[in-house]
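Listed here are the chains, written in short residue letters.
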Amino acid sequence: EAGVAQSPRYKIIEKRQSVAFWCNPISGHATLYWYQQILGQGPKLLIQFQNNGVVDDSQLPKDRFSAERLKGVDSTLKIQPAKLEDSAVYLCASSFGRQGLSSYNSPLHFGNGTRLTVT
Amino acid sequence: AQKITQTQPGMFVQEKEAVTLDCTYDTSDPSYGLFWYKQPSSGEMIFLIYQGSYDQQNATEGRYSLNFQKARKSANLVISASQLGDSAMYFCAMRESKGAQKLVFGQGTRLTINP
């Protein structure tokens, strides 16, 4: 099966510019996640979608970050305007999960990530 | 709130030796899942092994096994017969059964296998 697809692989922008990342999950996976991984740290969940609805966005800096998952398949994450501290790898992941069914025993499958550098 | 702790920032092991990577967790949910991921220098996160809170036996997957001690809230990863390709970051993570069931990661351990 095809894995989680992400683009671009690398992005360099100046502070105050905007940037967008794209993710296409594994076919049939209802749950999609965006993580931020700062160098030397574990990934931190930014936002979690179940189909096209937001399940958790408690750690998403909503003044500058936004995400959408139209039609419940692929997703975009946007940063506007970017700050120096946004430099990180942005990982997209998906897992099998259906509304109303517990899926805490399902692993997440990750894409290769987008490495963002803000100068 | 759920929490994962990995206390070993780095580990150095000789090739072919076994290595144990430590992980402790904290949760008030009786139902949860524990995961280990490998992240090579190329950056992708590779799922290695899973242990459920109600599983009676320790999980095993090839050279990977999980030493699950529920009362101690620990879930250590054991890699047997280490290989040079095992050099990577290793992350312990947990999903609770309640709420959003989000996957929360520890800080990771960098494992280096020496020839």
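Attention in this report is confined to the structure presented alongside it. From a predicted model like this one, the values you see are computed outputs, not experimental measurements. (Residues numbered from 1 in each chain as written. Chains lettered and ligands numbered in written order. Predicted model: local features only at pLDDT ≥ 70, side-chain atom pairs only at ≥ 80, totals over all residues. Heavy atoms only, no water.)

## Describing unusual backbone geometry
Part 1: Residues Ser7 of chain A and Pro8 of chain A are joined by a peptide bond in cis, for which omega reads -5°.
Part 2: On the secondary structure map, Pro8 of chain A appears in the loop between strand 1 (5–7) and strand 2 (10–13).
Part 3: For the peptide bond that leads from Gln80 of chain A to Pro81 of chain A, omega is -5°, which places it in the cis range.
Part 4: Mapped onto the elements, Pro81 of chain A comes out in the loop between strand 8 (75–79) and strand 9 (88–95).
Part 5: If you check the backbone angles, Lys16 of chain B has positive phi at about 80° while not being a glycine.
Part 6: Note that Lys16 of chain B resides in the loop between strand 2 (10–14) and strand 3 (19–21).
Part 7: For Lys73 of chain B, which is not glycine, the phi torsion reads 55° and is therefore positive.
Part 8: Within the element layout of this structure, Lys73 of chain B appears in the loop between strand 8 (64–69) and strand 9 (74–79). (Helix = DSSP H or I, 4+ residues; strand = E, 2+ residues; numbered from the N terminus.)

## Structural notes on the nonpolar core
Residues and elements named next belong to chain B.
Part 1: Ranked by internal contacts, the top residues of the largest apolar core, which has 25 residues, are Tyr25, Trp36, Ile49, Leu77, Tyr90 and Leu111.
Part 2: For this core, the secondary-structure elements that each account for two or more residues are strand 2, strand 3, strand 5 (32–39), strand 6 (46–52), strand 8, strand 9, strand 10 (88–96) and strand 12 (109–114).
Part 3: In terms of residue count, strand 10 provides more of this core than any other element does, 4 residues in total.
Part 4: Aside from chain neighbours lying at most four places away, what touches Leu111 is Met11, Val13, Val19, Ile79, Asp86, Ser87, Ala88 and Tyr90. (Core = buried A, V, L, I, M, F, W, Y, C linked by side-chain atoms within 4.5 Å. Buried < 20%, exposed > 50% of the residue type's maximum accessible area, 1.4 Å probe, protein only. Contact = heavy atoms within 4.5 Å.)

## What about the side chain of Asn76 of chain B?
Residue and element names in this part refer to chain B.
Part 1: Mapped onto the elements, Asn76 comes out in strand 9.
Part 2: Note on Asn76: relative accessible area 12%, which makes it buried.
Part 3: Of note is the side chain of Asn76, whose polar atom sits 2.9 Å from the backbone nitrogen of Cys23.
Part 4: Ignoring sequence-local partners within four residues, the contact set of Asn76 consists of Thr20, Leu21, Asp22, Cys23, Trp36, Ser65, Leu66 and Asn67. (Polar contact = N/O pair within 3.5 Å; in protein donor to acceptor, adjacent residues only side chain to side chain.)

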